[in-house]
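# Remarks on the overall topology
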Amino acid sequence: MGALDNIKRINFQNDAVMRLIELYQYKGKEFYYHNILKADASSIVKSTVAHDTFFVTKILNLPVSENRMRLIINKNSNPKNNDERLVYNLKTIFTISSEKAHDFELTSNSILSLANRLYRDIKQVKYDTSKVPYQNNLLTEYRNQSKREDIQKLLNNYQDLLSTGQYEIISLVINFYIDFIHIRPFKDDTEIIGLLLIYVLLFRERFDVNMYQSFFEYMWQNYDLFKQFVVQANYNYESGFSHTEPLTDFIMANLLANYNKLEKLIRD
């Protein structure tokens, strides 16, 4: 039983409910933010893309000098090696997300496209396979099956729960993320693609504060805490009691911090 399958058992504590109320009050002002910032939106979004790119390279611990990173991020300098290509590709993903993430399709092809965009001109990414048992007369045998099928089932489950309107969006995204990394659909790249999916899915659900403030700056500053909460969320996963609430609180804190920064930006 996955995390999404057991989301009904999650109850928010009073302090979390108060943070959610504050968060959705800010979210309800998105139109106001867009209207106030429209004259400067292009430069603000460009700066946010640069910050997100920079901090994800820190999370990945890429051996790229800050001088080269600035040239690639701010001056569109041509990458010289695969690490620099990854920086360039991250910048491309964040730029496209700021324009089109609202339209991200919940399909296994979309996730694979995101993965291949991340590794464009570096390598081709494919879904991994797992051994699935089947009965051959009286014998139990195994065949290889692409994990694409597992991911599509997960996406369908996420979309079904989302469409009911009965579950808090951030909690849905985080429980999806825990299921995603547990499936491990890619051999070597599941963690970073999972992080990008948190970002994209929040964007898809109109947390547009991520256009104007860096989502990954807070993530980098508190990354040890994030990893600790991921470990907690995976504890008792197999028994259906994944403890995802602290990780959901972490993402709520990230968004609230950015809404507060955005309010200050508008005041200034």
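Shown above is the structure to which this text applies.
I will try to describe carefully the structure that is included in this document.

Rules behind the numbers
- All residue numbers refer to position in the chain's written sequence, counted from 1.
- Confidence filtering applies because this is a predicted model: local features only for residues at pLDDT of at least 70, side-chain atom pairs given and counted only at 80 or more, and all residues used for totals across whole chains, interfaces and linings.
- Computation of side-chain values covers all heavy atoms of the structure but excludes hydrogens and water.
- Take the buried Ala, Val, Leu, Ile, Met, Phe, Trp, Tyr and Cys residues and link them wherever side-chain atoms come within 4.5 Å; each set so joined is a nonpolar core.
- To sort residues, take the accessible area from a 1.4 Å probe on protein chains only and compare it with the maximum for the residue type: under 20% means buried, over 50% means exposed, and anything in between is partly exposed.
- Should any heavy atoms of two residues lie within 4.5 Å, those residues are considered in contact.
- The numbering of helices and of strands both runs from the N terminus, where a helix is a DSSP run of H or I of at least 4 residues and a strand a run of E of at least 2.
- Here, expected helix span is obtained from the residue count minus one, scaled by 1.5 Å.

This part is about the nonpolar core. Of all hydrophobic cores here, the largest spans 91 residues; its most connected members are Ile111, Phe176, Phe180, Phe216, Met219, Phe226 and Ile251. Leave out the neighbours within four places in its chain, and Met219 touches Ile59, Leu195, Phe226, Phe250, Ile251 and Asn254.

Turning our attention to helix 9 (residues 190-204). Taking 1.5 Å of rise per residue, 15 residues should cover 21 Å, and helix 9 covers 20 Å from first to last C-alpha, within 8% of that figure. In terms of burial, helix 9 is largely enclosed, as 14 of its 15 residues are buried. At the C-terminal side of helix 9, Arg206 shows a positive phi close to 70°.

The phi dihedral of Asp121 falls on the positive side, at around 65°, and the residue is not glycine. Along the polypeptide, Asp121 turns up in the loop between helix 6 (108-118) and strand 1 (129-136). Despite not being glycine, Arg184 has its phi angle at roughly 50°, a positive value. Positionally, Arg184 belongs in the loop between helix 8 (169-183) and helix 9. Judged by relative accessible area, which is 31%, Arg184 ranks as partly exposed.

The next thing to look at is the side chain of Lys27. Residue placement: Lys27 occurs in helix 1 (residues 14-27). The residues touching Lys27, leaving out its near neighbours within four places in the chain, are Glu205, Arg206, Phe207 and Tyr259.

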